[in-house]
Amino acid sequence: MTHGMRADTHPTGDGTWRDTAARYALIPLRLFLGITFIYAGIDKLTDSAFMKDSGAGSIGDMMRAVRDSSAIPAMVDMALESPVAFGYAIAFGELAVGIGVLLGLLTRLAALGGALISLSLWLTVSWAADPYYYGNDLPYLFCWVPLVLAGAPLWSLDALIGNRRGRGRR
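Residues numbered from 1 in each chain as written. Predicted model: local features only at pLDDT ≥ 70, side-chain atom pairs only at ≥ 80, totals over all residues. Heavy atoms only, no water.

Colleague: Before we move on, can you summarise the packing of helix 5 (residues 83–103) against helix 6 (residues 107–124) with the specific residues and values?
Modeller: Their axes nearest at 8 Å, the elements helix 5 and helix 6 cross at an angle of 140°. If you check the angle between helix 5 and helix 6, you find them oblique. In this structure, the crossing between helix 5 and helix 6 has a hand that is left-handed. Judged by residue contacts, Gly93, Glu94, Val97, Gly100 and Val101 of helix 5 engage Thr107, Ala110, Ala111, Gly113, Gly114, Ile117 and Leu121 from helix 6. The residue inventory of the contact of helix 5 with helix 6, partitioned by class, reads six nonpolar, five polar and one charged. (Axes fitted to C-alpha atoms, helices over the stretch in contact; angles between N-to-C directions. Helix = DSSP H or I, 4+ residues; strand = E, 2+ residues; numbered from the N terminus. Parallel < 35°, antiparallel > 145°, perpendicular 65-115°, else oblique. Left-handed = near helix turned anticlockwise from the far one by under 90°. Contact = heavy atoms within 4.5 Å. Nonpolar A, V, L, I, M, F, W, Y, C, P; charged D, E, K, R; others polar.)

Colleague: I'd love a proper account of the nonpolar core, names of residues and values included.
Modeller: Trp144 and Leu147 are the most contacted members of the largest nonpolar core, which totals 17 residues. Among the elements that line this core, the one with the most residues is helix 6, at seven residues. Discounting chain neighbours no more than four positions away, the residues touching Leu147 are Leu26, Leu29, Arg30, Leu33, Val101, Arg108 and Ala111. Membership of the second largest hydrophobic core comes to seven residues, among which are Phe50, Ile59, Met63 and Ala79. (Core = buried A, V, L, I, M, F, W, Y, C linked by side-chain atoms within 4.5 Å. Buried < 20%, exposed > 50% of the residue type's maximum accessible area, 1.4 Å probe, protein only.)

Colleague: Would you mind going over helix 3 (residues 59–66) in detail, with residue names and values included?
Modeller: Every α-helix winds through 3.6 residues per turn, so residues three or four apart in the chain are directed the same way. Inspection of helix 3 places Ile59, Gly60, Met63 and Val66 among the buried residues, and these make up the whole buried set. The buried residues of helix 3 all sit within an arc of 140° when viewed along its axis, so they share a single face. Looking at the packing, one finds that the buried side of helix 3 touches helix 4 (73–80), helix 5 and helix 6. (Arc of directions from axis to C-beta.)

Colleague: Quick rundown of the packing of aromatic side chains? Include the residues and the values.
Modeller: One pass over the full model with this rule turns up eight aromatic pairs. Centroid distance Tyr24 to Trp155: 5.6 Å. Interplanar angle 65°. Geometry classified as edge-to-face. In this pair, Tyr24 sits in helix 1 (residues 17–24) while Trp155 sits in the loop between helix 7 (137–150) and helix 8 (157–168), placing the two residues 131 residues apart along the sequence. With relative accessibility at 30%, the residue Tyr24 sits in the partly exposed group. (Phe/Tyr/Trp six-rings, centres within 6.5 Å; stacked < 30°, edge-to-face > 60°.)

Colleague: Describe unusual backbone geometry, and please don't skip the residues or the numbers.
Modeller: Most peptide bonds take the trans configuration, and most residues that are not glycine carry a negative phi. Residue Pro131 follows Asp130 across a cis peptide bond; omega there is 0°. Mapped onto the secondary structure, Pro131 falls in the loop between helix 6 and helix 7. Even without being a glycine, Trp155 presents a positive backbone phi close to 50°. Note on Trp155: relative accessible area 64%, which makes it exposed.

As structure tokens, this is what we get:
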């Protein structure tokens, strides 16, 4: 038996290093998803070929290419009624989700939006990936789940607003 502290703990003032790690565990996920979705939105908005009904690299041609292999062709058909508007909706949705998650503002709602975007892309664009785990939208969908459930309790505008509200009630 050794003397002193247990090997698996390291006090941080209010708990073990594991407690501290658990408290901050969602921050890297928020950073990754927030930056990635902001980048994806900006990339779509600045790609001159993407926001077109047809042509190489266009949203219209991409949607037509995946229509017959998607899980829900009717969903693709709705997007094909106005591919450019759909492209802008996805791009601005990705920006809103990314900014919300990165800043921790309405984090659960932003994460739900991210999950819905990822779900819709999985059911359409990534659905035909074989094996299924080659499709990149499915892992993104499940990355959003912890943020939908837990929000952003640290380093967020949600926490700042919550703390101010709590002080005002005293």
